[in-house]
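# Reading the structure
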Amino acid sequence: GRDGFYEGWVAKSIVKGIKKRDGYLSLNDLANYEANISSPRYGTYRNYEILSAGIPQSGVSVIEGLNILENIDLKESGHYSGNAKTLHIIAETFRKIYTDRYYFIGDPDFSDVPVSGLESKDYAKERFNSINQLYPEPKSYRETEAGTPGKYENKKKKTENIIADVEYSGSTTHLCVIDKDGNAVSLTQTLGTFFGSVQTISGVLLNCAMTNFSDSDNPNILKSNKQPRSSIAPTIILKDNNPYLLIGTPGGSRIIATIIQVIVNIIDFDMNVEEANCAPRFYTQKWADYLHLESGIDQEVIDQLTKMGHSVRIHEGTDLFFGGVQMILIDQDTGKYYGSADIRRGGNAIGY
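Here the residue numbering is sequential within each chain, running from 1 through the sequence in written order. In keeping with the predicted nature of the model, local features appear solely for residues at pLDDT of at least 70, side-chain atom pairs appear and are counted solely at 80 or more, and the whole-chain, interface and lining totals rest on all residues. Note: side-chain values were computed over all heavy atoms of the structure, leaving out hydrogens and water.

### Describing a nonpolar patch on the surface
Under the convention used in this document: Residues qualify for a patch when their relative accessible area is over 30% and they have no salt bridge, like charges being joined within 9 Å and the nonpolar side chains of Val, Leu, Ile, Met, Phe, Trp and Tyr within 5 Å. Computed with the Shrake-Rupley method and a 1.4 Å probe, the accessible areas treat only the protein chains shown as cover for residues. We count a salt bridge whenever a side-chain nitrogen from Lys or Arg sits within 4 Å of a carboxyl oxygen from Asp or Glu. Each helix corresponds to a stretch of at least 4 residues labelled H or I by DSSP, and each strand to a stretch of at least 2 residues labelled E; elements are numbered beginning at the N terminus.
A grouping of L175, V177, V185 and L187 is seen on the molecular surface, where their side chains present a nonpolar patch of about 320 Å² in accessible area. Residue assignment for the nonpolar patch shows that the elements contributing at least two residues are β3 (172-178) and β4 (184-190). Relative to the elements of secondary structure, L175 occurs in strand β3.

What follows is the structure, given as structure tokens:
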């Protein structure tokens, strides 16, 4: 049980090992730790219900991004791999949500985060209307400005807090499970970078989550007893109040963009799970210097994006930089489950 880890010989060995490596941890730190149980964030997208990880995880950013994209008929616009305008608008949406994440999201016990404002459809409409559909604005991704979600905040609604930071690529894993009774789980676990802190004690792999704190004065600044913000965003989508899609991915800061793209591939572009998972991906955000494009984006699209003013960087082949999506889709007409494990990283889809 709990005490087998947080107290006793395991706890003592961890504290001793960390101190031996010039780290800081006490037996009281472990004994006094309590897990936080929070409600998922809730949103809607084209008549589907979205349930995603609460703050300081990044489900609210997934919901904000989908809310913004709801203001355009993506299917009519054309898939982003073959249409520069579609890709540009989604990329500009990423810039908006990552900027808002940086300035507004942090540990809810330490910050007053405008969660209902960030999730507001009216706020999303404002953010969409601020997108220049002809070229990136401002041209430098790093100069992207935060919005004003506070004026859309529902003060009567109990809010949580959200944080911001620039995260490393991570050794994160995700799994989706659904049983014969329809109980569904979407679970993301992370060590931080590919081997965490590169330390193990008594069989325990130690993470490097403190690198997720920001070194500037924003809601994610390091403080005692505070949770750092995380990009993880395990998500469950409901259709007619029943599980429809379970999805999540590793990938550091790219997690949010990757989850949004795969959801769009399935809901807007009618792809099956394997097609949606194998489709080429792209990524940018406030703190990026490039619009990262995976192989498979049409060369004409790349040329047009460059003419628009994007600083393009191509990743050849399928690249684990863009995550490793694991997902299950439930066909509510037939009752069949369809699973997909991303070819970019290890994983399997197994049925019973």
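### Details of the pairing of strand β7 (residues 235-239)
Put simply, the test is: Buried means the residue's accessible area, taken with a 1.4 Å probe over protein chains only, is under 20% of the maximum for its type, while exposed means over 50%, and partly exposed covers the values in between. Here, a strand pair is defined by DSSP locating no fewer than two bridges between the strands.
The buried count for β7 comes to four of five residues, which makes it a mostly enclosed element. When strand β2 (residues 48-52) meets β7, the two strands line up antiparallel, connected through four bridges. Bridge pairing in β7 places E49 opposite L238. Where β7 hands over to strand β8 (residues 242-248), the hairpin turn is made up of two residues, of which D240 adopts a positive phi near 55°.

### Examining helix α11 (residues 299-308)
Helical periodicity: at 3.6 residues per turn, an α-helix aligns residues three or four positions apart in one direction. Spelled out, the test is: Each C-beta atom gives one direction from the helix axis, and the arc is the one those directions make. The criterion used for residue contact is that any of the two residues' heavy atoms lie within 4.5 Å.
Those residues of α11 that fall on the buried side of the exposure criterion are V301, I302, L305 and M308. Take α11 and look down its axis: the buried residues cluster within an arc of 120°, on one side only. Residues of α11 that are exposed and point more than 90 degrees away from the buried face comprise E300 and K307. Those residues of α11 hidden inside the fold are in contact with α6 (84-104), β10 (291-294) and β11 (312-315). Of the residues one or two after α11, G309 is the one with positive phi, at around 115°.

### Focus on the pairing of β8
With five of seven residues buried, β8 lies mostly within the body of the structure. Sheet topology note: the β7/β8 ladder contains five bridges and is antiparallel. Bridge pairing in β8 links T235 to I247. Of the pairings in the sheet, the one linking β8 to strand β12 (residues 326-330) comprises four bridges and is antiparallel in character. Paired with I247 across the two strands is M327, which belongs to β12.

### Section: the nonpolar core
Put simply, the rule is: Nonpolar cores are built from buried Ala, Val, Leu, Ile, Met, Phe, Trp, Tyr and Cys residues. Side-chain atoms within 4.5 Å join them into one set.
Counting 58 residues, the largest nonpolar core has L87, L245, I260, I263, I266, F282 and M327 as its most contacted members. The element best represented in this core is helix α9 (residues 255-267), accounting for ten residues. Ignoring sequence-local partners within four residues, the contact set of I263 consists of V62, L66, I237, L245, I247 and D268.

### As for helix α8 (residues 121-129)
Quick reminder of the rule: N or O atoms within 3.5 Å of each other form a polar contact, as long as, within protein, one can give a hydrogen and the other can take it, and as long as residues adjacent in sequence are counted only when both atoms are side-chain atoms.
The set of residues buried in α8 consists of Y123, A124, R127 and F128. Buried residues of α8, seen end-on, are gathered within an arc of 140° and therefore sit on one face of the element. Structural note: α8 exposes D122 and N129 on the side pointing more than 90 degrees away from its buried face. Sitting at the amino-terminal end of α8 is S120, which places a side-chain oxygen 3.1 Å from the backbone nitrogen of D122.

### Comments concerning the sheet that holds strand β9 (residues 282-283)
Spelled out, the test is: Only C-alpha atoms enter the line fits that serve as axes; for helices the fit covers just the stretch in contact. Angles between N-to-C directions range over 0 to 180 degrees.
Sheet architecture is open: three strands sit in the order β9-β10-β11, paired in mixed fashion. Lying at the two open borders of the sheet, with one neighbouring strand each, are β9 and β11. On top of the sheet, α11 reaches β10 and β11; it is set at about 155° to β11, its chief contact.

### Things to note about the pattern of salt bridges
Evaluated as defined, the whole model comprises 14 salt bridges. Note that D270 and K75 form a salt bridge whose closest N and O atoms lie 2.5 Å from each other. Of the two residues, D270 is situated in the loop between α9 and α10 (273-278) and K75 in helix α5 (residues 74-77); the sequence distance between them amounts to 195 residues. Between D342 and R281 there is a salt bridge, and its shortest N-O distance comes to 2.8 Å. Remark: R281 occurs in the loop between α10 and β9 and D342 occurs in the segment after β13 (337-341); sequence separation between them is 61 residues.

### Quick word on the packing of aromatic side chains
Here is the rule we go by: Any Phe, Tyr or Trp ring, taking Trp's six-membered ring, that has another such ring centre within 6.5 Å forms a pair; planes under 30 degrees apart are called stacked, those over 60 apart edge-to-face, and the others tilted. Only Lys NZ and Arg CZ are tested; either one counts as a charge over a ring when it is within 6 Å of the ring centre and within 35 degrees of the ring normal.
Under the counting rule described, the total for this entry stands at eleven aromatic pairs. Ring geometry for F5 and Y6: centres 5.0 Å apart, planes at 80°, overall edge-to-face. Relative accessible area serves as the criterion here: at 22%, Y6 is assigned to the partly exposed category. Among the aromatic residues, those joined into a cluster by ring pairs are Y98, Y283, F321 and F322. Taking NZ or CZ as reference, R313 lies 4.0 Å from the ring centre of Y290, over its face.

### A look at the sheet that holds β8
Within a sheet, adjacent strands bond to each other through the backbone by hydrogen bonds, running parallel or antiparallel. Overall, antiparallel pairing links the six strands, which are arranged β1-β2-β7-β8-β12-β13 in an open sheet. Every interior strand has two partners, whereas the edge strands, β1 (41-45) and β13, have only one. Within the sheet, the average angular offset between the axes of one strand and its neighbour, ignoring direction, is 20°. Bridge analysis of β1 against β2 gives five bridges, and the strand direction is antiparallel. Among the inter-strand pairings, Y42 is bridged to a residue of β2, identified as L51. On top of the sheet, helix α4 (residues 59-69) reaches β1 and β2; it is set at about 20° to β1, its chief contact.

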